[in-house]
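Close look at the chain arrangement
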Amino acid sequence: MATLNDSFLADLDELSDNEANLVENNEEDEDMEEDVDGDLADIEALNYDDLDSVSKLQNTQRYTDIMQKVEDALEKGSETSDKGIVLEDDPEYQLIVDCNALSVDIENEIVIVHNFIRDKYRLKFPELESLVHHPIDYARVVKKIGNEMDLTLVDLEGLLPSAIIMVISVTASTTSGKPLPEDVLQKTLDACDRALALDSAKKKVLDFVESRMGYIAPNLSAIVGSAVAAKLMGTAGGLTALAKMPACNVQLLGAKKKNLAGFSTATSQFRVGYLEQTEIFQSSPPSLRMRACRLLAAKSTLAARVDSTRGDPTGKNGRSFRDEILKKIEKWQEPPPAKQPKPLPVPDSEPKKKRGGRRLRKMKERYAITDMRKLANRMQFGVPEESSLGIHIKSKKIYYKSLVH
């Protein structure tokens, strides 16, 4: 009995422990649910109507400092640094690397502001976003149209091609949109101004980078251009890192994964990055563009290695590389030589020499007269033989004598 009582008490203790664990787990679950609810409440509390809560790049200290340095450098103009200084320690070189990173951030910020403008202006003109795809063009058109319902009163010349302007005017006459409230319209116009300001800042940064690329990487700029050279160098992490990179990786710098949405991949260019923006790539025939891209990547790597060691500040090697690339592409496009008619050989009356060797010996052995056939054809002198006609023929000796007489 004592043993049974002890076992029951032990079971009761285990049950009480499990209940305590369940209570603790329930409390933890409740705490987690409260945290999730709190996070959702914080997300819902965000005011997406406020542009400053969505676009924050222009308010950062990094943006302000880099733009100030760029403006000061553009005012001073290009200055040739000391040749003895290491390229990585050059302040202009460091500023160029910062500008490359900032240009990428500005592009992402323009996309965010474009989404904000599109969401607000969709109530007024929902079809416009499918007609004008470029974010800056969209912002300019929205700022020009505003709340005007009759687009015949709005002059869009100079902003878009005439064909697109005509389509926009026809579409606006049948749109289901309604005029925006004044506060929403003002926020939309402010977002358009911010997008245009970001675009002008991006152009200023690129102008500065391109103006300095002739000094930082003259040979690389001679091949791919200043803008593409700046992007390659910024993505790689500097000129030295670009020089150490193999050509197959230089070809992929700036490549983005393309979502074709089920369409054919026959006309899409995969494994091509910033090099597709070069003049050589665009001027090449579509069938030769991948070969031209590989050649560009190889020569760009060589030019970057020359620039990293300051081997040719004049850019002569880069220009020679570019000429070599153009000559090769022209050579690829040349048609194959015409097939010339081949004349027949002059007939030779002399007998040709037979080929000897093992094969000929085997053939002779195959068609040679056997020993049995040799014995059958053998004739003995002085012994008469029967011919196939049944005539008794004497030996050759007697036959020859009869012929003589």
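In this report, the structure presented in the accompanying data block is examined. For clarity, every value in this text was computed on a predicted model and none was experimentally measured.

**Points about the overall build of the protein**
Within the protein, the secondary structure is distributed over 17 helices and two strands. Expressed as a percentage of the 405 residues in the protein, the buried residues total 29%. Just so you have it, the protein exposes about 27600 Å², and 54% of that area is on carbon and sulfur atoms.

**Describing the packing of helix H3 (residues 91–121) against helix H7 (residues 182–216)**
Interaxial distance between H3 and H7 falls to 9 Å at its minimum, and their mutual angle equals 160 degrees. Considering the angle they form, H3 stands roughly antiparallel to H7. Of the two elements, H3 crosses H7, and the hand of that crossing is left-handed. Residue composition of the contact of H3 with H7, by class: 22 nonpolar, three polar and nine charged.

**Looking at empty space enclosed by the protein**
One pass over the structure, following the stated rule, counts one cavity of 30 Å³ or more. Quantified by volume, the largest cavity comes out at close to 40 Å³. As for the largest cavity, its lining consists of Lys124, Phe125, Glu148, Met149, Leu151, Ala172 and Thr175. Its residues placed into classes, the lining of the largest cavity shows four nonpolar, one polar and two charged.

**Focus: the environment of phenylalanine 125**
Its place among the elements puts phenylalanine 125 in the loop between H3 and helix H4 (128–131). Using a relative accessible area of 2% as the deciding quantity, one classes phenylalanine 125 as buried. Separated by 51 residues in sequence, phenylalanine 125 and serine 176 have C-alpha atoms that sit 7.6 Å apart. Setting aside residues up to four positions removed in sequence, phenylalanine 125 forms contacts with Leu151, Ile168, Thr171, Ala172 and Thr175.

**Details of the pattern of salt bridges**
Under the counting rule described, the total for this entry stands at 11 salt bridges. A salt bridge links lysine 202 to glutamate 107; the nearest nitrogen and oxygen atoms lie 3.1 Å apart. Here lysine 202, found in helix H7, pairs with glutamate 107, found in helix H3; they are 95 residues apart in sequence, far enough to count as distant. The exposure class of glutamate 107 is partly exposed, given its relative accessible area of 32%. Among the ionic pairs, aspartate 199 bridges to lysine 203, the shortest N-O distance being 3.6 Å. A residue pair is termed a helical-turn pair when its members lie 3 or 4 positions apart in one helix, as aspartate 199 and lysine 203 do in helix H7 at four residues. Overlapping salt bridges bring together Asp119, Arg122 and Glu129 as one network.

**Some details on the side chain of arginine 194**
With respect to the secondary-structure elements, arginine 194 resides in helix H7. Excluding residues within four positions of it along the chain, arginine 194 makes contact with Leu51, Asp52, Ser55, Gln58 and Val113.

**Some points on the packing of aromatic side chains**
By the definition in use, this model includes zero aromatic pairs. The residue whose ring lies beneath arginine 291 is tryptophan 332, and the NZ or CZ to ring-centre distance is 4.1 Å.

**Some details on the packing of H3 against helix H9 (residues 226–236)**
Contact geometry of H3 with H9 gives a least axis separation of 9 Å together with a crossing angle of 90 degrees. Judged by the inter-axis angle, H3 sits roughly perpendicular to H9. In this structure, H3 contributes Tyr93, Ile96 and Asn100 to the contact, and H9 contributes Ala230, Lys231, Met233 and Gly234. Considered class by class, the residues forming the contact of H3 with H9 number four nonpolar, two polar and one charged.

**Considerations on the nonpolar core**
Ile117, Leu128 and Val224 are the most contacted members of the largest nonpolar core, which totals 77 residues. Not counting residues within four places of it along the chain, the set of residues in contact with isoleucine 117 comprises Tyr138, Ala139, Val142, Thr188, Ala191, Cys192 and Ala195.

Rules of the game
- Residues numbered from 1 in each chain as written.
- Predicted model: local features only at pLDDT ≥ 70, side-chain atom pairs only at ≥ 80, totals over all residues.
- Heavy atoms only, no water.
- Helix = DSSP H or I, 4+ residues; strand = E, 2+ residues; numbered from the N terminus.
- Buried < 20%, exposed > 50% of the residue type's maximum accessible area, 1.4 Å probe, protein only.
- Areas by Shrake-Rupley, 256 points an atom, 1.4 Å probe, with all protein chains shown as cover.
- Axes fitted to C-alpha atoms, helices over the stretch in contact; angles between N-to-C directions.
- Parallel < 35°, antiparallel > 145°, perpendicular 65-115°, else oblique.
- Left-handed = near helix turned anticlockwise from the far one by under 90°.
- Nonpolar A, V, L, I, M, F, W, Y, C, P; charged D, E, K, R; others polar.
- 1 Å grid on protein atoms, 1.4 Å probe; cavity = no way out; pocket = protein on both sides within 12 Å on 5 of 7 lines; lining within 4 Å.
- Points joined across faces, edges and corners; volume = space filled by probe spheres on them.
- Contact = heavy atoms within 4.5 Å.
- Salt bridge = Lys/Arg side-chain N within 4 Å of Asp/Glu carboxyl O.
- Phe/Tyr/Trp six-rings, centres within 6.5 Å; stacked < 30°, edge-to-face > 60°.
- Lys NZ or Arg CZ within 6 Å of the ring centre and 35° of its normal.
- Core = buried A, V, L, I, M, F, W, Y, C linked by side-chain atoms within 4.5 Å.

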